[in-house]
Amino acid sequence: MKVSLKYYTIKYMIVILLLIIAVWAALFYAYILDEVYDNVDDGLKDRKIQIIKAVYYDPKLLNSKDFGFNEFKIKPISESDYKDKNRLYNKMFYMEYDDQDQPYRVLETDFIDQFGKRQRLEIRTSTVEQDELVYDLTTALIVLYILLVISIVAVNGYLLNKAMRPFYTILDKLKKYQFGIASSQEPQNYSIKEFEELNIEIEEMIERNELVFHQQKQFIENASHELQTPLAIVINKIDLMIQNDDLDRKNMNFLTEVKGDLRRMAGLNKSLLMLSKIENSQFNKTSKVDFNELISELVKSYEDFIEFKKVHVSITEKGFFGAEFNPDLADILLSNLLKNAVKYNKEEGTVNIIIEDNRLIFQNSGRDIPLDETQIFNRFYKSGSDHSSTGLGLSIIKTIIKQYPGWDIVYNFEDGMHYFILSKNNAHLS
């Protein structure tokens, strides 16, 4: 799923922040424990000195065999067990108050008493419970993380919205931009250097594109018109030659074929010019088009062609199909659909036009094999060997549909019938 830049950055910032806090928490936990043990160890070492001094003043303390109120005990050891250094370690001891074992820090050291005997002194002191410390630290970090995330989302969202406002203005301008249509927006000045540079580059790019567009448009129109004139002249000359009674049948057939090829070339030229105009958005003006009425008018206009092909055409109105559309494109669209259904039909075939609220269905008989759904709307695609076809009719239809978001056209083949289904506003296709 696509997300905006704001939420994209916040998402990764939250994940990175979580990792940073986790690493920081581990280091902080280790640091706190080290500081606690360091302070406790210093206290134990100081108590060791005090206790050994007290033993020299009061020999009765040598009888402290168990940890009592003073949290130390002394026991005699052999000469082989004597170690001339301090040992510090953690150990669990039972606590009556909590009725469970609690962590203690223990200092173990050996000394020689006033009687020359070797003694082992063990001093203990209660320390922090690591599990409780971890729990408390984790709880505090979770609360801190949630507050940081909320703060980042709020602050970052506000700052990004404010900082990215020029970007959205530029993006909106690009969305509304169309070739050949002058922009109605006033020039903008941006306080952010990068957006100012981006806007300047886009303006220059639009100017270059407009120049190329107008040059291309002018070239295509000029080339098309220049071609149409000599083609029309040659066709007329061939007509005059065909009317010459001195021509034999062989030359007559040859000239007729040449005339057909020239007419096809003229039609191809017109179709390519039409495609270029559609793709270059030269049909921008729209109005409310009644497709029901337009279809009825087109069927009447093509009565001679329909009778010549000996095809039966029926119109079934199940709803009203109306839309904001360019009238010229609507006429071209429906004309191509109707001509396609009639031209590639079989003799005594049928064409059924079904009008619904959101769909137009052109159903026709014809060849008993389906067309290639992946190629049918491509330029110059031909399903048969019809040399009179330019292969651009369905391509023009698809190009027109692309100009209107939410519209679509699909081809289906069912029960020996070819279906061309035109839908608008993402209506469901069955």
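Just so we're clear, the structure is a prediction, and the values are computed from it rather than from any experiment.

Chemist: Before we move on, can you summarise the overall build of the protein chain with the specific residues and values?
Modeler: Within the protein chain, the secondary structure is distributed over nine helices and eleven strands. The 430 residues of the protein chain split such that 35% are buried. Considering only contacts in the protein chain between residues 6 or more positions apart, those separated by 24 or more positions represent 66%. When the accessible surface of the protein chain is summed, it comes to about 27400 Å², and 56% of that surface belongs to carbon and sulfur atoms.

Chemist: Before we move on, can you summarise the packing of aromatic side chains with the specific residues and values?
Modeler: On inspection of all chains with the given rule, the structure shows ten aromatic pairs. Note on F291 and F325: the rings are 5.6 Å apart at their centroids and 85° apart in plane angle, and the pair reads as edge-to-face. Taken together, the positions of F291 in helix α6 (residues 291-301) and F325 in strand β7 (residues 322-325) put the pair 34 residues apart, joining distant regions of the chain. On the basis of relative accessibility, which here comes to 0%, the residue F291 falls in the buried class.

Chemist: Could you give an account of the nonpolar core, with specific residues and numbers?
Modeler: Ranked by internal contacts, the top residues of the largest apolar core, which has 41 residues, are F291, F325, L334, I353, L360, W407 and F420. The dominant element in this core, judged by the number of residues it contributes, is helix α8 (residues 327-343), at nine residues. Dropping the residues within four chain positions of it, F420 is found in contact with L337, N340, L360, I361, F362, N364, L371, I376, F377, L394, V410 and Y411. The next biggest cluster of nonpolar side chains, apart from the first, holds twelve residues, and it includes L44, I51, I52 and I123.

Chemist: Can you break down a negative patch on the surface residue by residue, with the values?
Modeler: On the surface, E194, E197, E201, E204 and E207 cluster together into a negatively charged patch. For E194, a relative accessible area of 53% translates into the label exposed.

Chemist: Lay out the sheet that holds strand β6 (residues 312-317) with the relevant residues and their values.
Modeler: Strand order in the open sheet formed by five strands is β6-β8-β9-β11-β10, with mixed pairing between adjacent strands. Two strands in the sheet have a free side with no partner beyond their single neighbour: β6 and β10 (408-414). When the angles between neighbouring strand axes are averaged without regard to direction, this sheet yields 15°. Examined bridge by bridge, strand β9 (residues 359-364) and strand β11 (residues 417-423) share six bridges and lie antiparallel to one another. If you follow N364 over to β11, its bridge partner there is H418. Contacting β6, β8 (350-355) and β9, α6 crosses the sheet at an angle of about 165° to β6. Contacting β10 and β11, helix α9 (residues 393-402) runs over the sheet at an angle of about 135° to β10.

Chemist: Please provide a residue-by-residue account of the side chain of R120, values included.
Modeler: With respect to the helices, strands and loops of the structure, R120 is situated in strand β4 (residues 118-126). Among the polar contacts made by the side chain of R120, one reaches the main-chain carbonyl oxygen of D81 at a distance of 2.7 Å. Residue contacts for R120: discarding those within four places in its chain leaves K73, I74, K75, I77, D81, R87, E108, T109 and D110.

Chemist: Any details on the sheet that holds strand β3 (residues 100-112)? Residues and values, ideally.
Modeler: In space, the four strands of this open sheet follow the order β1-β4-β3-β2, with antiparallel pairing throughout. Single-partner strands in this sheet number two, and they are β1 (72-76) and β2 (87-95). Going from strand to strand, the sheet's axes swing by 30° on average, the running direction of each strand aside.

Chemist: Talk me through the packing of α8 against α9; I want residue IDs and the actual numbers.
Modeler: It is at 9 Å that the axes of α8 and α9 come closest, and there the two elements cross at 145°. Considering the relative orientation of α8 and α9, their crossing is left-handed. Residues L329, I332, L333, N336, L337 and N340 of α8 form the contact with α9, whose own contacting residues are G393, L394, I396, I397, I400 and I401. When its residues are assigned to classes, the contact of α8 with α9 shows nine nonpolar, three polar and no charged.

Chemist: An account of a nonpolar patch on the surface is needed here, citing residue identities and associated values.
Modeler: Taken together, Y8, Y12, I16 and I20 make up a surface patch of nonpolar side chains, about 410 Å² in accessible area. Following the sequence through the fold, I20 ends up in helix α1 (residues 5-57).

Chemist: Requested: an account of unusual backbone geometry, with residues and values cited.
Modeler: Despite not being glycine, E348 has its phi angle at roughly 65°, a positive value. Residue placement: E348 occurs in the loop between α8 and β8. The backbone of D415 shows a phi angle near 55°, a positive value even though the residue is not glycine. Along the chain, D415 turns up in the loop between β10 and β11. The class for D415 is exposed, based on a relative accessible area of 72%.

Cut-offs applied
- Residues numbered from 1 in each chain as written.
- Predicted model: local features only at pLDDT ≥ 70, side-chain atom pairs only at ≥ 80, totals over all residues.
- Heavy atoms only, no water.
- Helix = DSSP H or I, 4+ residues; strand = E, 2+ residues; numbered from the N terminus.
- Buried < 20%, exposed > 50% of the residue type's maximum accessible area, 1.4 Å probe, protein only.
- Contact = heavy atoms within 4.5 Å.
- Areas by Shrake-Rupley, 256 points an atom, 1.4 Å probe, with all protein chains shown as cover.
- Phe/Tyr/Trp six-rings, centres within 6.5 Å; stacked < 30°, edge-to-face > 60°.
- Core = buried A, V, L, I, M, F, W, Y, C linked by side-chain atoms within 4.5 Å.
- Patch = residues over 30% accessible without salt bridge, like charges linked within 9 Å, V, L, I, M, F, W, Y side chains within 5 Å.
- Salt bridge = Lys/Arg side-chain N within 4 Å of Asp/Glu carboxyl O.
- Lys, Arg positive; Asp, Glu negative; His and termini not counted.
- Charge placed at Lys NZ, Arg CZ, Asp CG, Glu CD.
- Pairing = 2+ DSSP bridges.
- Axes fitted to C-alpha atoms, helices over the stretch in contact; angles between N-to-C directions.
- Polar contact = N/O pair within 3.5 Å; in protein donor to acceptor, adjacent residues only side chain to side chain.
- Left-handed = near helix turned anticlockwise from the far one by under 90°.
- Nonpolar A, V, L, I, M, F, W, Y, C, P; charged D, E, K, R; others polar.

Limitation: the analysis is restricted to geometry and does not speak to function.
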